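Listed here are the chains, written in short residue letters.
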Amino acid sequence: MTGYPQALSTAQHASRILDDTDRRIIVATQAGLPLVAEPYAALARQLGLETDEVLQRVAAMQENGMIRRIAAVPNHYALGYTVNGMSVWNVTDDHISELGRQVGALDYVSHCYHRPRHLPLWPYNLFAMVHGRNSQDVEAKVTGIATLLGDHCRGHEVLYSKRILKKTGLRIKG
Amino acid sequence: MDSIDASIVNRLQEGLPVCPRPFDDVAVRLGLSVNELLSRVQRLLDDKVLTRFGPMFNAENMGGALSLCAMQVPANRYEQVTAKVNAFPEVAHNYERDHLLNMWFVIATEHPEQAGAVIRQIEQTTGCQVYDMPKQEEFYIGLKLAV
C-alpha cells in the first residue's frame, strides 16, 4: 500500500481518533441497527451509554467518512439484478477524475474506482461495476458508459463473473 | 413484495438521518405508522430482499485496507490455487472471471502495511504473480436499485 500516501494518512488519522467506545458501537452495529423506533436509545442501553453520546459518536463517524451512510443494503439477486459485469476502461489520465465522477453518478453503477494499470497486460485504469437484469441489459448500460467517455476512452472490456470462489463479510474486530 | 415494499427498498438505500427517531419521517412520507414500517423492513430482511440495514462502514477510513488483486492462473491448477488463496483469512471475496486474468480477489487487512505481506505470501504459495490494484480514487460506492 505504499505509494498512496494520501490513503495511508487518512487511515492513520482514523485509527488515531477511533477509541474503544467507538469500536464497541461498531461491533454492536456490524450486523445492523436495532429495528425499533428509537434504535440509538436501544443501542445505548445495550452498551451502558447515554443515548446522546451514541448519537454524537455515530454522527461524528459519518462526518469523518468511517460510516458512509445509515442505509439498507439490497440483495441484488432477490431484486432481479442477476447479472453483474465488471467493466474496465482505459481512460486518458488527464480526464479520469472528472469522467470517473460522471460514471460513478450513473444509477446502475455500484462501485467505481481509479486503479493502477499493469502494462502491457492490463491497460485499464477505471473500473465500474454494472448491474442488470440480464446480459443484454448490462451490455446496453456498458454502451451508455462508452458514449459518456467518448474519445477519452482508448478501449474497454467487460469481465463477467463465472463463479463465486469465496465470499465473506468484512468484519471489524472488537 | 408490493409497491409499498418497493418504495421502502428505494427510500432506505438513500440513507436515514442520525437522530433519536430516524424512521418517523420515512413512515409519514410512505403513509405508514413507524411500527408498520419496521415490521415491513424486518420482513424484507427475513425474506433476504435486504441483506442488511444499518451503518455502512468504510474499512479504509477505519484504519484498515482493501485491495483488489488479480492473477493469471493456469487452468490445470485452478482448483488447487483457489484452495490456497481462499485459505488466507485476509481474502474476503474471490471470483472466477472470464479473462486472461481469471482470478480476482479482495484482500482486507486491519492495517494497510499488512496487505503487501499477504500478497507476497500468496505469490510464494501459488507461484502466480499477483497484480495488485489498490484504488487510487473512489467515485461512488453504493447502488440505488430501482424496484
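Note that the coordinates shown come from a computational prediction; the quantities given were computed from them, not determined experimentally.

Draft legend 1. Spatial organisation of the overall build of chain A. Secondary structure assignment for chain A yields 6 helices and 5 strands. Overall, chain A shows an N-to-C arrangement of helices and strands of α-α-α-α-β-β-α-β-β-α-β. Here chain A holds 174 residues, and the buried ones make up 32% of them. By sequence separation, contacts in chain A at least 24 residues apart represent 58% of the contacts at least 6 residues apart.

Draft legend 2. Expanded view of the overall build of chain B. The helix and strand inventory of chain B stands at 5 helices and 6 strands. For chain B, the α and β elements follow one another from N to C terminus as α-α-α-β-β-α-β-β-α-β-β. Relative to the compact-globule value of 15 Å for 147 residues, chain B shows a C-alpha radius of gyration of 21 Å, a clear excess of over 25%. By its C-alpha atoms, chain B is 60 × 30 × 25 Å across when sized along the principal axes. When each of the 147 residues of chain B is scored for burial, the buried share is 31%. A sequence separation of at least 24 residues applies to 59% of the contacts in chain B between residues at least 6 apart.

Draft legend 3. Structural view of the confidence of the model for chain A. Residue and element names in this part refer to chain A. Of the residues in chain A, 87% have a pLDDT of 70 or more, and the chain-wide mean is 86. Per-residue pLDDT, averaged within each element of chain A, yields its smallest value for helix α1 (residues 5–17) (45) and its largest for helix α3 (residues 39–47) (98). For the stretch residues 1–13, pLDDT sits under 50, and the model shows 16 contacts to residues farther than four places along the chain or on other chains.

Draft legend 4. Expanded view of the pairing of strand β2 (residues 65–71) of chain B. One ladder, built from 7 bridges, connects β2(B) with strand β4 (residues 103–109) of chain B; its direction is antiparallel. Bridge pairing in β4(B) links Met71(B) to Met103(B).

Draft legend 5. Examining unusual backbone geometry more closely. Omega for the peptide link from Leu119(A) to Pro120(A) comes to 0°, which places this bond in the cis form. Secondary-structure assignment places Pro120(A) in the loop between β3 (109–114) and β4 (126–132). Even without a glycine there, the phi angle at Lys48(B) is positive, about 65°. With respect to the element layout, Lys48(B) can be found in the loop between α3 (34–46) and β1 (50–57).

Draft legend 6. Focus on the interface of chain A and chain B. Across the contact, 71 residues belong to chain A and 65 residues belong to chain B. For the side of chain A that touches chain B, the leading source of residues is strand β5 (residues 153–167) of chain A, giving 9 residues. When its residues are assigned to classes, the side of chain A that touches chain B shows 42 nonpolar, 19 polar and 10 charged.

Draft legend 7. Focus on helix α5 (residues 96–104) of chain A. When α5(A) is considered as a whole, its buried residues turn out to be Leu99(A), Gly100(A), Val103(A) and Gly104(A). Down the axis, α5(A) shows its buried residues gathered within 135° of arc, on one side only.

Draft legend 8. Geometry of the packing of helix α4 (residues 78–86) of chain B against helix α5 (residues 114–126) of chain B. All names here are of chain B. Here α4 crosses α5 at 150°, and the two axes come no closer than 10 Å. As judged from the angle between their axes, α4 and α5 are roughly antiparallel. Like other packed secondary-structure pairs, α4 and α5 cross with a definite hand, here right-handed. Contacts from Val-81, Lys-84 and Val-85 of α4 reach α5 at Ile-122, Thr-125 and Thr-126.

Draft legend 9. Up close: the environment of Leu37(B). With respect to the secondary-structure elements, Leu37(B) resides in helix α3. If we ignore the near neighbours within four places in the chain, the residues touching Leu37(B) are Ile8(B), Phe23(B), Val26(B), Ala27(B), Leu30(B) and Leu32(B).

Thresholds applied
- Residues numbered from 1 in each chain as written.
- Chains lettered and ligands numbered in written order.
- Predicted model: local features only at pLDDT ≥ 70, side-chain atom pairs only at ≥ 80, totals over all residues.
- Helix = DSSP H or I, 4+ residues; strand = E, 2+ residues; numbered from the N terminus.
- Buried ≥ 20, exposed ≤ 12 C-beta atoms within 10 Å, placed from the backbone.
- Contact = placed C-beta atoms within 7 Å.
- Rg over C-alpha atoms; globule rule 2.2 N^0.38 Å.
- pLDDT = per-residue confidence, 0-100.
- Pairing = 2+ DSSP bridges.
- Nonpolar A, V, L, I, M, F, W, Y, C, P; charged D, E, K, R; others polar.
- Arc of directions from axis to C-beta.
- Axes fitted to C-alpha atoms, helices over the stretch in contact; angles between N-to-C directions.
- Parallel < 35°, antiparallel > 145°, perpendicular 65-115°, else oblique.
- Left-handed = near helix turned anticlockwise from the far one by under 90°.

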